[in-house]
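Each chain, letter by letter, is given below.
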Amino acid sequence: MAIIAKDKGNGEGFEPVPAGTHIARCISVVDIGPQDTPWGAKEKVYIGFEVPGVNVEWKDKEGNEHSGPAMIGKTYTNSLNEKSWLGQHLESWRGKPFTEAERNGFDLMNILGAPCMISVTHEESKNGKTYAAIKAIMKLPAGTTCPDSSTDLLAYSPNDPELIGNFEKLPAWLQERARAGYGPAADSLGADTGSQETPDNGPPTPPVESYSDEAGFEDDIPFS
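Residues numbered from 1 in each chain as written. Predicted model: local features only at pLDDT ≥ 70, side-chain atom pairs only at ≥ 80, totals over all residues. Heavy atoms only, no water.

## Notes on the overall build of the chain
What the chain contains, in helices and strands, is three helices and eight strands. Along the chain, helices and strands appear, N-terminal first, in the series β-β-β-β-α-α-β-β-β-β-α. Counting every position in the chain, which comprises 224 residues, the buried fraction comes to 47%. Carbon together with sulfur atoms contributes 48% to the accessible area of the chain, which is approximately 11300 Å² in total. (Helix = DSSP H or I, 4+ residues; strand = E, 2+ residues; numbered from the N terminus. Buried < 20%, exposed > 50% of the residue type's maximum accessible area, 1.4 Å probe, protein only. Areas by Shrake-Rupley, 256 points an atom, 1.4 Å probe, with all protein chains shown as cover.)

Shown next, in the form of structure tokens:
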């Protein structure tokens, strides 16, 4: 299974992940394909993290109350150029620069499940909403541990036969992004699935706002 990077609920009233530095674990790597940007279409990948030290409470659409670790994520241009956010964050996370060979094809599956430290800041969107943004990712300090994930790890790409079946496990907002990027190819069941309801994918998770990417594209472990 591989996702290769190359050098090229409703959540109303939901509090963002607190600003500061947090222990976290990568729980999702999602290839959402080419997305429109002011600079043209760019290949994008969404990387999600669980923050075990921050507990959140929320209600699902049926009004049932839940609680669990906060989640946050960032959408990156899928490039390992030395000036890209993805390249900079991965190098800081693993604690060493990429080799030329790695820049030509680094498997992002290497980071799935890996622990780290994330630096979070609070910013304001154009509509005045405060959201959390990941500004840096670093190795865990020596002697520091990260709890196991409370949810199943999730990877998706329509370009990998072993991962395309995970489309139905994605939250609806990520399904929409994948369809925007790949069209019918995003869904292993075909183009007509856009009218189907998202199936029950297991334990409930915090709403979209906890994956604080401002519902837009904010971009421009040691692992091997």
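## Notes on the environment of glycine 183
Its place among the elements puts glycine 183 in the segment after α3 (172–182). Residues glycine 183 and glycine 33, spaced 150 residues apart in sequence, show a C-alpha to C-alpha distance of 9.6 Å.

## What about the environment of serine 150?
Position of serine 150 among the secondary structure elements: in the loop between β7 (130–138) and β8 (154–156). With a relative accessible area of 48%, serine 150 lands in the partly exposed category. The spacing of serine 150 and glycine 68 is 82 residues in sequence and 8.2 Å in space, taken between C-alpha atoms. Within the structure, the side chain of serine 150 is placed 2.7 Å from the side chain of glutamate 50, a separation counted as a polar contact. (Polar contact = N/O pair within 3.5 Å; in protein donor to acceptor, adjacent residues only side chain to side chain.)

## Some remarks on the nonpolar core
Phe49, Ile72, Leu90 and Trp93 are the most contacted members of the largest nonpolar core, which has 33 residues in total. With seven residues, strand β3 (residues 42–59) is the largest single contributor of residues to this core. Formed by 13 residues, the second largest nonpolar core is a distinct cluster that contains Tyr46, Ile164, Phe167 and Tyr182. (Core = buried A, V, L, I, M, F, W, Y, C linked by side-chain atoms within 4.5 Å.)

## With respect to the pattern of salt bridges
Counted under the stated rule, the structure contains four salt bridges. One salt bridge in this structure joins glutamate 102 and arginine 94, with 2.5 Å as the shortest N-O distance. Here the two residues glutamate 102 and arginine 94 agree in accessibility, since each one is buried. Between aspartate 187 and arginine 179 there is a salt bridge, and its shortest N-O distance comes to 3.4 Å. (Salt bridge = Lys/Arg side-chain N within 4 Å of Asp/Glu carboxyl O.)

## Remarks on the pairing of strand β2 (residues 20–35)
Of all 16 residues making up β2, twelve are buried, and the element is well covered by its neighbours. In this structure, β2 lies alongside strand β6 (residues 115–124), joined through six bridges in antiparallel fashion. The residue bridging arginine 25 from the neighbouring strand is proline 115, located in β6. Bridge analysis of β2 against β3 gives nine bridges, and the strand direction is antiparallel. Along β3, the bridge assignment pairs glutamine 35 with lysine 42. Linking β2 back to β3 in an antiparallel pair, the connection comprises six residues, with glycine 40 at a positive phi of about 95 degrees. (Pairing = 2+ DSSP bridges.)

## Some words on the packing of aromatic side chains
If you walk through the whole model with that rule in mind, you get four aromatic pairs. Over the ring of tyrosine 76 we find lysine 74, and its NZ or CZ is 5.7 Å from the ring centre. Lying over the aromatic face of tryptophan 85, lysine 74 brings its terminal NZ or CZ to 5.6 Å of the ring centre. (Phe/Tyr/Trp six-rings, centres within 6.5 Å; stacked < 30°, edge-to-face > 60°. Lys NZ or Arg CZ within 6 Å of the ring centre and 35° of its normal.)

## Points about the state of the cysteines
Tallying each qualifying case throughout the model produces zero disulfides. Not engaged in a disulfide, the cysteine cysteine 26 finds its nearest cysteine sulfur in cysteine 116; these two sulfurs lie 7.4 Å apart. Overall, cysteine 116 belongs to the buried group, its relative accessible area being 0%. (Disulfide = S-S within 2.5 Å.)

## Examining the pairing of β6
Of the pairings in the sheet, the one linking β6 to β7 comprises eight bridges and is antiparallel in character. Following the sheet pairing, valine 120 is matched in β7 by isoleucine 134. Counted along the chain from β6 to the antiparallel partner β7, the turn is five residues long, and its residue glycine 128 has a positive phi close to 90 degrees.

## Side note on the confidence of the model for the chain
Scored by pLDDT, the chain has a mean of 82; 78% of the residues are at 70 or more. Least confident of the elements in the chain is strand β1 (residues 4–5), whose mean pLDDT is 62; most confident is β8, at 97. Scored below 50 in pLDDT, residues 190–201 makes 14 contacts in the model with residues more than four places away or belonging to other chains. Predicted confidence is poor over residues 208–224, with pLDDT under 50, and the contacts of this stretch with residues over four places away or in other chains come to 68 contacts. (pLDDT = per-residue confidence, 0-100. Contact = heavy atoms within 4.5 Å.)

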